[in-house]
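Letter by letter, the chains look like this.
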Amino acid sequence: MALGISHASVLFTATVLTLLLAPTPINCWRPWPHLKPNSSDLLYDSSKKYEGSSEFVHLRYHMGPVLTGNITVHIIWYGRWEKPQKKIIREFINSISAVNARPPSVSGWWRTVQLYTDQTGANISHTVQLGQEKNDRFYSHGKSLTRLSIQSVIKSAVTAKSKPLPTNPRNGLYLLLTSADVYVQDFCGQVCGFHYFTFPSIVGYTLPYAWVGNSAKLCPGVCAYPFSVPKYIPGLKALKSPNSDVGVDGMISVIAHEIAELATNPLVNAWYAGQDPSYPVEIADLCEGIYGTGGGGSYTGQMLMDHDGSTFNMHGIRRKYLVQWVWNHFKNYCSGPNALDQ
């Protein structure tokens, strides 16, 4: 999901296409607060999280760069984070390039992202590595951030007098993670995370970045679904999270979503569907809410259950995760790790 998107416009276009072309569309679903049980909104969700039937949304390459060099993810920890929470997220990022994880694996999921190329035919890098980290424990820009002020937080991290983050416009990704007591513009009502690139007028560089928030206090039933369910939709039962942290386990899939889209569309001029880059539908948007074979609508698809009853669909290096699938443009379907592929 890219910054500055008009959610209503994307929905209108996708819904019209679906109504005209698909009598039984596959719907990508998240329980946003404005939805009512058994309403038509559950079929045609009025947010960017619903992108219409993937079969009729045509992903195209728009000749912009993709991340073909070794990708380095620099993390900004904004607010108060516990050590175990950081460890879960670090190990997920390190799992993207792991070669020895048990299948179905996070690295198997990333192989679909690697299929995408630039105009020279070079593929997206196999290597995704954890870079440097910056802690902002004292909420230097407050506990309520706008989309634009997020860029100011990144500027503070890359221009800090002590241990600034390195600036790597070509292959660096900057991941701003906000703690559970921080509100970001549109959080919970429209987005759980988004990505874009920084403006030189604010940061001094054009850097691809993503923001993802911990929804544990504000809206776990929306952004940590299915590990938490909203009270306003009766009958849904929450699944047990694989790492015993509902907020962070919910973040993992959003982080994966944004990293996959940053790799394939870092400057919002590479791989996306739609005619206007202001309204891109990207490779993770097309599979929103799909975590296994048969996913669609409010059904997440077939997933795995661990011995302790927790739910996951991918193995990392030392942990298990639930990660949303991504769109395989070359086979025309949503794809997960090889062992769970359609």
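All values derive from a computational prediction rather than experimental measurement. (Residues numbered from 1 in each chain as written. Predicted model: local features only at pLDDT ≥ 70, side-chain atom pairs only at ≥ 80, totals over all residues. Heavy atoms only, no water.)

J.: So what exactly am I meant to see when it comes to the overall build of the protein chain here?
T.: Helix and strand counts for the protein chain stand at six helices and 15 strands. Here the protein chain holds 342 residues, and the buried ones make up 58% of them. Counted over contacts in the protein chain with a minimum sequence separation of 6, partners at least 24 positions apart contribute 73%. (Helix = DSSP H or I, 4+ residues; strand = E, 2+ residues; numbered from the N terminus. Buried < 20%, exposed > 50% of the residue type's maximum accessible area, 1.4 Å probe, protein only. Contact = heavy atoms within 4.5 Å.)

J.: I keep staring at the pattern of salt bridges and nothing clicks. Help me out?
T.: One pass over the full model with this rule turns up seven salt bridges. Between aspartate 181 and lysine 143 there is a salt bridge whose closest N-O contact spans 3.5 Å. Separated by 38 residues along the polypeptide, aspartate 181 in the loop between β5 (172-178) and β6 (183-184) and lysine 143 in the loop between β3 (128-136) and β4 (144-145) bring together distant segments of the chain. According to the relative accessible area criterion, aspartate 181 is partly exposed, its value standing at 28%. A salt bridge links lysine 240 to aspartate 308; the nearest nitrogen and oxygen atoms lie 3.9 Å apart. With lysine 240 in the loop between α5 (220-223) and α6 (246-264) and aspartate 308 in the loop between β10 (304-305) and β11 (311-312), this pair connects stretches of sequence that are 68 residues apart. (Salt bridge = Lys/Arg side-chain N within 4 Å of Asp/Glu carboxyl O.)

J.: Looking at this structure, how should I read α6?
T.: Because an α-helix packs 3.6 residues into every turn, residues spaced three or four apart end up facing the same way. The end-to-end C-alpha separation of α6 is 28 Å, in line with the 27 Å expected for 19 residues at 1.5 Å each. In terms of residue burial, α6 counts as a mostly covered element, since 18 of its 19 residues are buried. Of the residues that open α6, the one with a side-chain oxygen 3.3 Å from the backbone nitrogen of glycine 247 is aspartate 245. (Expected span 1.5 Å × (residues − 1). Polar contact = N/O pair within 3.5 Å; in protein donor to acceptor, adjacent residues only side chain to side chain.)

J.: I would appreciate a short explanation of the pairing of strand β8 (residues 208-213) in the present structure.
T.: For a regular strand, side-chain orientation follows a simple rule: the groups alternate between the two sheet faces. Most of β8 is tucked away, with six of its six residues classed as buried. Here β8 shows no split at all, with Pro208, Ala210 and Val212 on one side and Tyr209, Trp211 and Gly213 on the other all buried. Examined bridge by bridge, strand β7 (residues 193-197) and β8 share five bridges and lie antiparallel to one another. Residue pairing for β8: histidine 195 is matched across the bridge by alanine 210. (Pairing = 2+ DSSP bridges.)

J.: Sorry, what's going on with the pairing of β7 here?
T.: Across the five residues of β7, five count as buried, placing the element largely inside the fold. Both faces of β7 are covered, namely the face carrying Gly193, His195 and Phe197 and the face carrying Phe194 and Tyr196.

J.: Please clarify how the state of the cysteines should be interpreted in this entry.
T.: Each disulfide consists of one covalent bond between the sulfur atoms belonging to two cysteines. Applying the stated criterion to the full structure yields three disulfides. With its sulfur 2.1 Å from that of its partner, cysteine 192 forms a disulfide with cysteine 223. Taking the torsion about the sulfur-sulfur bond, which here is approximately -85°, the covalent link between cysteine 192 and cysteine 223 counts as left-handed. Here cysteine 192 is found in the loop between β6 and β7, whereas its partner cysteine 223 is found in helix α5, with 31 residues between them in sequence. Just as cysteine 192 is buried, cysteine 223 falls in that class too. Covalent S-S linkage joins cysteine 287 and cysteine 334, the inter-sulfur distance amounting to 2.1 Å. (Disulfide = S-S within 2.5 Å.)

J.: Explain the packing of helix α3 (residues 106-114) against α6 to me, please; I cannot follow it from the model alone.
T.: When two helices pack together, you describe them by how their axes are tilted relative to each other and by the distance separating the axes. Two elements in contact, α3 and α6, have axes separated by 10 Å at closest approach and are oriented at 30°. For the element pair α3 / α6, the angle class is roughly parallel. Remark: the crossing between α3 and α6 carries right-handed chirality. Here Trp109, Trp110 and Val113 of α3 come into contact with α6, specifically with Ala256, Ile259, Ala260, Ala263 and Thr264. (Axes fitted to C-alpha atoms, helices over the stretch in contact; angles between N-to-C directions. Parallel < 35°, antiparallel > 145°, perpendicular 65-115°, else oblique. Left-handed = near helix turned anticlockwise from the far one by under 90°.)

J.: Looking at this model, I keep getting lost on the sheet that holds β7. Mind explaining?
T.: Picture the strands of a sheet paired through backbone hydrogen bonds; they go either parallel or antiparallel. Reading across from one edge, β3-β2-β5-β8-β7 is the order of the five strands in this open sheet, with mixed pairing throughout. Across the chains shown, the open sheet's two edge strands, defined by having one partner strand only, are β3 and β7. Shown here is a sheet whose adjacent strand axes are inclined to one another by a mean of 20°, direction ignored. Pairing of strand β2 (residues 71-78) with β3, which is carried by seven bridges, proceeds in the parallel orientation. What sits directly across from isoleucine 75, in β3, is glutamate 133. In this fold helix α2 (residues 83-95) packs onto β2, β3 and β5, with an angle of close to 155° to the strand it touches most, β3.

J.: Sorry, what's going on with the environment of proline 200 here?
T.: The topology assignment puts proline 200 in the loop between β7 and β8. Separated by 45 residues in sequence, proline 200 and lysine 155 have C-alpha atoms that sit 9.9 Å apart. Ignoring anything within four residues of it in the chain, the contact list for proline 200 reads Tyr205 and Thr206.

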